[in-house]
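Geometric and topological summary
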Amino acid sequence: MSSAPHFLPTGTVYGTLLNFRAEAEALAPQMTQPPYKAPPKAPVLYVKTANTWSPHGSAIAVPAGVPEVEVGASIGMVIGAEGDIEGFVLVNDLSIPHASFFRPPVKFKCVDGFLGIGAVLRDAQEVADPASFRVEVRINGTLAQSIDFSQLVRPAQQLLADVGEFMTLAHGDVLLLGCDLGRPLARAGDRIDISAPGFETLGNTLVDTLIDTPVKEAA
């Protein structure tokens, strides 16, 4: 019996920083320090490049020398043909732990495989209010984080509108709603499951990076 293909984006995936109230409040003192000197007025975005995309069920390699990675459970808005929201998808926005979330270094956010993507897109027509989303993160079956999307600084439609003021999102692009404070840590060998009512669970397993052995040429 053949299985349906897993969902993967057809455009660009944008992450959003500081979009949960707890995270914004925790980092507020840093926003007034150089080089920023003031809180951001517009959404703070970053790109999860195509090399990071990992389908549901796939293994994700942890780079050598990295003891733990940060789990970033979120929900992505998939952009429709009219610039509206076509659907929603669970994601695991992994990163190597680092001190600054305001200006995240690409080398910590865009490691190969570091964006788990849910297998199935949930039609936006089925969602009365994205603020009702409740996401749970389990590591090896143990609950590690619960996320309440009513705590967004910019709710889904407002985030989409505010981003649209300075850039055009294309059909197939994905805009992540953000990751809450208290992101759990995981390491090679761990199974990460991200679930939410109305969504199929997103699961990925972290593995050690394989070290290729050079092939010696015959004498």
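Reading the values: the criteria
- Residues numbered from 1 in each chain as written.
- Predicted model: local features only at pLDDT ≥ 70, side-chain atom pairs only at ≥ 80, totals over all residues.
- Heavy atoms only, no water.
- Helix = DSSP H or I, 4+ residues; strand = E, 2+ residues; numbered from the N terminus.
- Buried < 20%, exposed > 50% of the residue type's maximum accessible area, 1.4 Å probe, protein only.
- Pairing = 2+ DSSP bridges.
- Core = buried A, V, L, I, M, F, W, Y, C linked by side-chain atoms within 4.5 Å.
- Contact = heavy atoms within 4.5 Å.

1. Section: unusual backbone geometry
With a phi close to 60°, Leu18 is a non-glycine residue in the positive phi region. In this fold, Leu18 is placed in the loop between β1 (13–17) and α1 (21–31). Given a relative accessible area of 8%, Leu18 falls into the buried group. Even without a glycine there, the phi angle at Asn140 is positive, about 55°.

2. Quick look at the pairing of strand β10 (residues 134–139)
Residues Val135, Val137 and Ile139 of β10 are buried on one face, while the alternating residues Arg134, Glu136 and Arg138, pointing to the opposite face, are not. With 6 bridges joining them, β10 and strand β11 (residues 142–148) adopt antiparallel strand pairing. By the bridge assignment for β11, Arg134 is matched with Asp148. Remark: 2 residues form the turn of the hairpin made by β10 and β11, two consecutive strands paired antiparallel; Asn140 in that turn has positive phi of roughly 55°. By the bridge criterion, 4 bridges tie β10 to strand β14 (residues 191–195) in an arrangement that is antiparallel. Its bridge partner being in β14, Ile139 is matched across the sheet by Ile192.

3. Description of the nonpolar core
As a rule of thumb, nonpolar side chains are buried together in soluble globular proteins. Ranked by internal contacts, the top residues of the largest apolar core, which has 41 residues, are Ile75, Met77, Phe88, Val135 and Phe149. Broken down by secondary-structure element, the contributors of at least two residues to this core are β4 (59–62), β6 (73–79), β7 (85–93), β10, α3 (156–164), β14 and β15 (202–208). If sequence neighbours within four positions are ignored, Met77 has contacts with Ile85, Gly87, Phe88, Ala156, Leu159, Leu160, Asp173, Val174, Leu175 and Leu177. Of all hydrophobic cores here, the second largest spans 10 residues; its members include Phe7, Val13, Val78 and Leu115.

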